[in-house]
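# Fold and geometry: a report
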Amino acid sequence: MFDHPSFDAHEGVHMFHDATSGLKAIIAVHSTARGPAAGGCRMWNYDNGEAMLKDALRLSQGMSYKNAMADIPLGGGKAVIWGNARIDKSPELFRAFGRAVNSLQGKYITAEDVGVSVADMAIVREETPYVAGLDQGEAASGDPSPVTAKGVFLGLLETAKRAFGTSDLNGKTVAVQGVGHVGGHVCDYLAEAGAQLVITDIDQAALDAVSRRTGATIVEPNAIYDVEADIFAPCALGAVVNEQTLERLKVKAIAGAANNQLIVPEMGELLRRRGILYAPDYVINGGGIINVAAEISGNYSQEWVEAKLARLVQTLGEVLDEALANNTPTNEVADRIARERIAAAT
Ligand code: NAD
């Protein structure tokens, strides 16, 4: 564990097994320096335990950085459950997971992530108060996606301002990969701002709905990297900026919701050399966790969420400006600021 390449000084890495429900889970607590470690719970059918551990470690470190950049009083952590979300779910499994979360006595606060729904979290809530992203209860904040989308849109405007000298999207083409919970809302904002949209997804119904609303052109999933667009907005998967896609991208900026867009951090420098301005993912997509933080505070306030979101967009602008001024990759600037904020609170 301590020699693991993704260990990065985690405060705690907790393994849980429940024989009755079959639960196999890891809760990784990267840092509680800024507050309780908050981050979603992912259910995924990992190839092996090593892949599961690596995912937990990388995701929880990412949450520390994201929460620090959003300047919310939360540290970073993440939970992963080993299993197929379509066939392995049961109330017993999520109750066992709830007990696991509860055993950490508030050091970690869970919420939804890939494969885990609001209904699953309602079961977790039966065993522990350390859960957010609920749709019932006094401070319940519901689906964070609309707030994430708003932040991504505002961040994309900041990025456009630096890449094109204007945030006016009239006459600009944006290639959007993934039109799900976040991507769909992002498309609505973009269309309203006058952008031409080229969209892709593996879900034809979602594509048709967004295309009808926005007039977007639809392309095959693999063709999205070749689109003659001004901006690429990845809103589906991670690792989409890699050796293969880098050569194909003709855009001047990348700004989207997906987590872990760069396959490795070194891609940031390669993007810079190609003249592509990259909005670091965990900065631009922090709107959702701001919404969750409002719920965790126990006193949800729309005004507080809006103010934090506006500040986050400003922070993104500062990251981009510093990177451009010093000819450094934007992701390196964001990483440094996040680490400084965590160290200051330690
Ligand atoms: P989602 O599942 O609702 O949407 C993802 C969409 O991507 C789906 O429509 C899916 O069909 C599509 N997709 C899957 N594989 C694809 C492929 N190969 N090519 C094109 N499209 C593909 O998820 P979401 O909540 O909209 O999140 C999107 C991304 O944003 C994820 O990476 C997520 O981690 C990240 N994110 C989401 C939030 C949030 O508030 N939901 C917050 C921060 C980051």
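For the structure, see preceding data.
## Notes on the packing of aromatic side chains
The tally for this structure, following the rule as stated, stands at four aromatic pairs. Centroid distance Tyr65 to Tyr282: 5.8 Å. Interplanar angle 65°. Geometry classified as edge-to-face. One end of the pair, Tyr65, is in helix H1 (residues 49-69); the other, Tyr282, is in helix H9 (residues 281-284), with 217 residues separating them in the sequence. Judged by relative accessible area, which is 6%, Tyr65 ranks as buried. Residue class for Tyr282 comes out buried when judged on its relative accessible area of 11%.

## A short note on the site of the ligand
Close contacts around the ligand come from 18 residues, with Thr148, His181, Val182, Asp201 and Ala236 the closest. Note that an oxygen atom of the ligand is positioned 2.7 Å from one of the side-chain N or O atoms of Thr148. Within the side chain of His181, a nitrogen or oxygen atom sits 2.6 Å from an oxygen atom of the ligand. A total of 830 Å² of accessible area belongs to the ligand in isolation, and the protein chains cover 75% of it. Mapped by element, the contributors of at least two residues to the shell around the ligand are helix H4 (145-164) and helix H5 (181-192). Grouping the amino acids of the shell around the ligand by side-chain chemistry returns eight nonpolar, seven polar and three charged.

## Digging into the nonpolar core
Formed by 60 residues in total, the largest nonpolar core has its most connected members in Leu169, Val174, Val176, Leu190 and Ile199. The residues touching Ile199, leaving out its near neighbours within four places in the chain, are Val176, Val179, Cys187, Leu207, Val210, Ser211, Ala216, Thr217, Ile218, Val219 and Ile224. Judged by nonpolar contacts, the second largest core, of 24 residues, contains Phe16, Leu23, Val29 and Leu104.

## Points about the pattern of salt bridges
The final tally for this structure, using the stated rule, is 20 salt bridges. Notably, a salt bridge pairs Lys89 with Asp120, separated by 2.6 Å at the nearest N-O pair. Here Lys89 is found in the loop between strand S5 (75-82) and helix H2 (91-103), whereas its partner Asp120 is found in helix H3 (residues 118-125), with 31 residues between them in sequence. Under the relative-accessibility criterion, Lys89 is labelled partly exposed at 30%. Since its relative accessible area comes to 8%, Asp120 is described here as buried. When the shortest N-O distance is used, the salt bridge between Asp321 and Arg162 registers 2.7 Å. Of this pair, Asp321 sits in helix H11 (residues 302-326) while Arg162 sits in helix H4, and the two are 159 residues apart along the sequence. Overall, the relative accessible area of 37% leaves Asp321 in the partly exposed class. Through salt bridges that share partners, Arg42, Asp55, Lys78 and Asp113 make up one connected network.

Rules used in this analysis
Residues numbered from 1 in each chain as written. Predicted model: local features only at pLDDT ≥ 70, side-chain atom pairs only at ≥ 80, totals over all residues. Heavy atoms only, no water. Phe/Tyr/Trp six-rings, centres within 6.5 Å; stacked < 30°, edge-to-face > 60°. Helix = DSSP H or I, 4+ residues; strand = E, 2+ residues; numbered from the N terminus. Buried < 20%, exposed > 50% of the residue type's maximum accessible area, 1.4 Å probe, protein only. Near = heavy atom within 4 Å. Polar contact = N/O pair within 3.5 Å; in protein donor to acceptor, adjacent residues only side chain to side chain. Areas by Shrake-Rupley, 256 points an atom, 1.4 Å probe, with all protein chains shown as cover. Nonpolar A, V, L, I, M, F, W, Y, C, P; charged D, E, K, R; others polar. Core = buried A, V, L, I, M, F, W, Y, C linked by side-chain atoms within 4.5 Å. Contact = heavy atoms within 4.5 Å. Salt bridge = Lys/Arg side-chain N within 4 Å of Asp/Glu carboxyl O.

These figures come from the coordinates and say nothing about function on their own.
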